[in-house]
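Here are the chains, one letter per residue:
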Amino acid sequence: MGANLQTARRALTSSHLITTCATLAALVIFVSMGNQVFSAAFGSRPADETLRVAFILNIAIILFGWRRSKDLKQALEAQERAEQLAFEGAFVDHVTGLANRRQLMERLTEAARESRPSTLLLLDLDFFKNVNDLHGHVAGDQVLRNVADTIKANVPETSCCARLGGDEFAVILHDSDPRAVDEIVANITSGISRPFSLDRVVVHVSASVGISEVGPDKSPEDCLRRSDIAMYSAKRAGRNCSVWFDDQMERELFARTELEDDIRQGIAAGEFIPYFQPQISLETGGLTGFEVLARWDSPDRGLLEPDSFIQVAEASGLIGALSMSVMRRALVESRDWPADLKVAVNISPVQFRDPKLAQQILKIVTEVNFPPQRLEIEITESALMEDRDIALSTIESLKNVGVTISLDDFGTGYASLSQLRSLPFDRIKIDKSFVATLLGDPQSSAIVNSITSLGKALHLPITAEGVETNEVKDQLSEIGCSEAQGWLFGKALPAMKVRELLKLSDPAGDAPNQELPDTTERRDRHRRAASGQRAPR
Ligand code: C2E
Ligand code: CA
Ligand code: CA
């Protein structure tokens with residue numbers, strides 16, 4: 001609470017006290033001596049002027065004191081209300097009336113200091129975004145209030161219940177007996193998952209809960225982090241359940257933070273490099289272009305494929321920088337390759353949330369002087385699920401300068417036929433999971449067949465990914481796929497190998513390339529790794 005407010009209240013309280021005392025003293029004098037003084041001052045005997053003045057003054061003091069005391073009392077009440085509002089603004093969540101993050105942190109500090117056995121629950125609603133998207137924010141707020149009431153109704157009164165923001169809640173329970181805590185948590189989660197009527201619709205939400213013990217050896221941030229890790233583990237375990245924090249989770253978190261740091265440093269050091277996988281025309285058998293696939297040439301971890309870093313880069317907000325650095329490198333490496341060879345670059349759905357994406361891509365294309373009509377951007381269906389308007393305007397800006405767009409991994413997501421028609425794609429890529437099982441699985445075969453006929457109807461060429469055998473290739477040709485990509489034609493190769501394949505000379509030799517990230521840091525990191533040192537963090 002503000003120090004100024006407290007000082008003002010103290011001043012008001014003491015004024016009120018002094019005024020009240022003075023008024024009371026005047027009143028006592030009046031009651032005890034009023035009678036005598038009155039007859040001396042106004043009686044039949046010669047009136048005593050001084051006493052008369054004193055008597056009137058006494059009454060005036062009483063009246064003034066009473067009035068002033070009343071005013072001060074009102075001012076004090078107003079002050080207390082202001083303090084309450086200030087407290088609520090700073091410590092209370094205005095949507096639910098629960099404590100906010102700040103108050104929770106203070107209460108966690110107190111609980112740890114007092115060494116009271118306590119537990120911190122962290123609750124995150126599952127699929128709450130759907131409620132907001134489908135029914136609007138007012139409905140969303142009602143659901144949050146309902147959840148807050150359910151939590152409060154199921155915990156002892158001494159607990160501190162808080163909303164940390166969004167759909168995240170926390171509770172400090174002054175109990176660490178696992179059985180008692182589990183019972184409380186089960187009551188909360190079953191209460192939250194009960195269908196909830198909202199105007200004329202019924203809404204279903206559930207909560208994933210992470211639980212950790214509060215202790216004097218842990219800071220409030222530590223406690224929150226532990227419960228948060230446990231909560232994510234509950235999400236991974238299928239949601240609508242609770243998980244206690246354990247040390248294994250801590251180790252995983254440490255490894256993950258280290259990986260994030262390494263990715264960050266790796267991007268700056270230019271360790272993410274493009275590999276190029278050939279794409280083939282099934283009609284002519286000729287090379288049509290390459291798909292750029294990122295590889296991480298890490299001094300500490302070796303040469304890594306995307307499944308070891310893309311997800312973490314996406315979750316930690318590093319994917320934009322990573323993809324862009326790979327793309328810049330790929331375009332620099334491939335700009336002098338034959339003009340009819342396309343270069344397809346993957347862009348993550350996370351990047352599609354950024355309204356500046358098209359601008360960033362076009363900036364690189366211009367800076368490295370790459371012909372935009374040779375560039376193809378591969379996007380997956382989920383990019384369209386996030387924010388359709390942003391995705392559409394990005395696609396349009398790119399297409400305006402001649403960049404082509406292909407819909408990647410088709411069949412694995414939710415892209416509908418109407419989306420295929422309304423969004424200006426230039427190509428569909430059938431996901432390798434269907435292609436790999438094309439011959440053995442009738443369902444896969446039906447999917448590949450129908451995607452191909454869809455492509456023909458919409459005049460969109462189809463590329464099949466993951467072609468590993470001649471039998472699959474022949475079958476795809478028969479169905480009418482126009483292009484293919486897969487280990488049968490070649491795995492992803494570094495630029496140097498592609499140059500050999502294309503019988504091109506080495507353009508740069510050993511001279512450092514000004515358009516690529518500075519490699520000094522990279523060389524340092526390789527040297528440090530060779531001598532067994534970790535990079536400084
Ligand atoms: P994707 O776009 O579906 O890429 C095709 C993946 O299939 C590549 O895996 C490729 O190596 C693999 N593949 C190609 N032919 C065959 C085959 O015949 N058999 C099998 N079993 N696999 C084949 P990779 O290189 O591990 O890449 C995985 C994913 O990582 C890519 O899937 C793409 O979504 C993502 N990715 C790669 N590079 C980047 C990048 O620079 N930025 C972003 N945002 N994502 C990237
Ligand atoms: Ca791709
Ligand atoms: Ca793909």
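Look above for the structure.
Everything quoted here is computed from the prediction, not taken from an experiment.

Asks: Got a sec to walk through the overall build of the chain? Specific residues and values, please.
Replies: In terms of helices and strands, the chain carries 19 helices and 17 strands. Taken across its 537 residues, the chain has 44% of its residues classed as buried. Put simply, 69% of the contacts in the chain that link residues at least 6 apart link residues at least 24 apart. As displayed, the chain has an accessible area near 27,800 Å², and 54% of this comes from carbon and sulfur atoms.

Asks: Outline helix H8 (residues 247-268), listing residues and values.
Replies: For H8, which comprises 22 residues, the first-to-last C-alpha distance of 32 Å matches the rise-based estimate of 32 Å (1.5 Å per residue) to within 8%. Three or more residues of H8 are buried, namely Met249, Leu259, Glu260, Asp262, Ile263, Gln265, Gly266 and Ile267. Of the residues one or two after H8, Gly270 is the one with positive phi, at around 70°.

Asks: Can you lay out the sheet that holds strand E7 (residues 242-244) for me, pointing to particular residues and giving the numbers?
Replies: As summarised here, the arrangement of the five strands in space is E2-E3-E1-E6-E7, forming an open sheet in which the pairing is mixed. Bordering the open sheet on either side are strand E2 (160-165) and E7, each of which pairs with just one other strand. Along the sheet, successive strands turn relative to each other by an average axial angle of 20°, direction set aside. One ladder, built from nine bridges, connects strand E1 (residues 118-126) with strand E6 (residues 206-214); its direction is antiparallel. Paired with Asp126 across the strands is Ser206, a residue of E6. Here helix H3 (residues 101-113) sits on the sheet in contact with E1, E2, strand E3 (168-173) and E6, set at roughly 135° to E2. Packing against the sheet, helix H7 (residues 220-236) makes contact with E1, E2, E3, E6 and E7, and its axis sits at approximately 145° to E6.

Asks: Mind laying out the pairing of strand E9 (residues 287-298), listing which residues take part and the relevant values?
Replies: Buried residues dominate E9, accounting for 10 of its 12 residues. Looking at chain direction, strand E8 (residues 272-281) and E9 are connected through nine bridges and run antiparallel. By the bridge assignment for E9, Gln277 is matched with Glu291. Taking the residues that link successive antiparallel strands as the turn, the E8-E9 hairpin has five residues, and the phi of Gly285 there is positive, at about 80°.

Asks: Explain the coordination of the calcium ion (ligand 2) residue by residue, including any values.
Replies: Binding of the calcium ion (ligand 2) to the protein goes through Glu291 (OE), Asn346 (OD1), Glu378 (OE) and Asp408 (OD), at separations of 2.1 to 2.3 Å. Coordination of the calcium ion (ligand 2) draws on donor residues from a single chain, spaced E-x54-N-x31-E-x29-D in sequence. Among the residues examined, Glu291 registers a relative accessible area of 4% and is labelled buried. Given the relative accessible area of 26%, Asn346 is considered partly exposed.

Asks: Which residues make up the environment of Glu250, and what values do they have?
Replies: For Glu250, the position within the fold is in helix H8. For Glu250, a relative accessible area of 21% translates into the label partly exposed. Residues Glu250 and Ile229, 21 residues apart in the sequence, show an inter-C-alpha distance of 7.8 Å. When neighbours within four sequence positions are excluded, Glu250 is seen to be in contact with Arg225, Arg226 and Phe245.

Asks: Before we move on, could you go through the site of ligand 1 and cite the residues and values that matter?
Replies: Around ligand 1 there are 22 residues in total, and Gln277, Ala294, Arg295, Glu468 and Trp487 lie nearest to it. Note that an oxygen atom of ligand 1 is positioned 2.9 Å from one of the side-chain N or O atoms of Arg295. Within the backbone of Trp487, a nitrogen or oxygen atom sits 2.8 Å from an oxygen atom of ligand 1. The fraction of the free accessible surface of ligand 1 (800 Å²) that becomes covered by protein chains is 84%.

Asks: Tell me about unusual backbone geometry, and please be specific about residues and values.
Replies: The phi angle at Arg239 is positive, at roughly 70°, despite the residue not being glycine. Turning to its location among the elements, Arg239 is positioned in the loop between H7 and E7. Of note in the backbone geometry, Asp409 takes a positive phi value of approximately 50° without being a glycine. Structurally, Asp409 can be placed in strand E13 (residues 404-410). On the basis of relative accessibility, which here comes to 22%, the residue Asp409 falls in the partly exposed class.

Asks: Give me the coordination of the calcium ion (ligand 3): which residues, what numbers.
Replies: Taken together, the protein ligands of the calcium ion (ligand 3) are Asp408 (OD), Asp409 (OD), Glu465 (OE) and Glu465 (OE), with distances of 2.2 to 2.4 Å. Read in sequence order, the donor residues for the calcium ion (ligand 3) give the motif D-D-x55-E. Between the calcium ion (ligand 3) and the calcium ion (ligand 2), a separation of 3.7 Å is found, and both are coordinated by Asp408. Of the two residues, Asp409 is situated in strand E13 and Glu465 in the loop between strand E15 (462-464) and helix H17 (470-479); the sequence distance between them amounts to 56 residues.

Asks: So what's going on with the side chain of Ser444? Residues and values would help.
Replies: In this fold, Ser444 is placed in helix H16 (residues 442-457). Residue Ser444 is classed as buried on the basis of its relative accessible area of 5%. Beyond its immediate chain neighbours, meaning those up to four positions away, Ser444 contacts Ser433, Phe434, Thr437 and Leu438.

Asks: A description of the packing of aromatic side chains should follow, citing residues and the corresponding values.
Replies: All chains considered together, the criterion is met by seven aromatic pairs. Look at Phe272 and Trp296: their rings are 4.9 Å apart centre to centre, the planes differ by 25°, and that puts the pair in the stacked class. Of this pair, Phe272 sits in strand E8 while Trp296 sits in strand E9, placing them 24 residues apart in sequence. Overall, the relative accessible area of 0% leaves Trp296 in the buried class. Taking 5.3 Å as the distance between ring centres and 65° as the angle between the ring planes, the aromatic pair formed by Phe290 and Trp337 counts as edge-to-face. You can see Phe290 sitting in strand E9 and its partner Trp337 sitting in the loop between helix H10 (319-334) and strand E11 (342-346), a full 47 residues away along the chain. Residue Phe290 shares its accessibility class with Trp337, and that shared class is buried. Members of the aromatic cluster, connected to one another through ring pairs, are Phe272, Trp296 and Phe309. Lying across the ring of Phe91, Arg102 places its NZ or CZ 4.8 Å from the centre. Sitting above the plane of the Trp487 ring, Lys491 keeps its charged end 4.2 Å from the centroid.

Thresholds applied
Residues numbered from 1 in each chain as written. Chains lettered and ligands numbered in written order. Predicted model: local features only at pLDDT ≥ 70, side-chain atom pairs only at ≥ 80, totals over all residues. Heavy atoms only, no water. Helix = DSSP H or I, 4+ residues; strand = E, 2+ residues; numbered from the N terminus. Buried < 20%, exposed > 50% of the residue type's maximum accessible area, 1.4 Å probe, protein only. Contact = heavy atoms within 4.5 Å. Areas by Shrake-Rupley, 256 points an atom, 1.4 Å probe, with all protein chains shown as cover. Expected span 1.5 Å × (residues − 1). Pairing = 2+ DSSP bridges. Axes fitted to C-alpha atoms, helices over the stretch in contact; angles between N-to-C directions. Donors = N, O, S within 2.8 Å, 3.2 Å for Na, K, Ca; no water. Near = heavy atom within 4 Å. Polar contact = N/O pair within 3.5 Å; in protein donor to acceptor, adjacent residues only side chain to side chain. Phe/Tyr/Trp six-rings, centres within 6.5 Å; stacked < 30°, edge-to-face > 60°. Lys NZ or Arg CZ within 6 Å of the ring centre and 35° of its normal.

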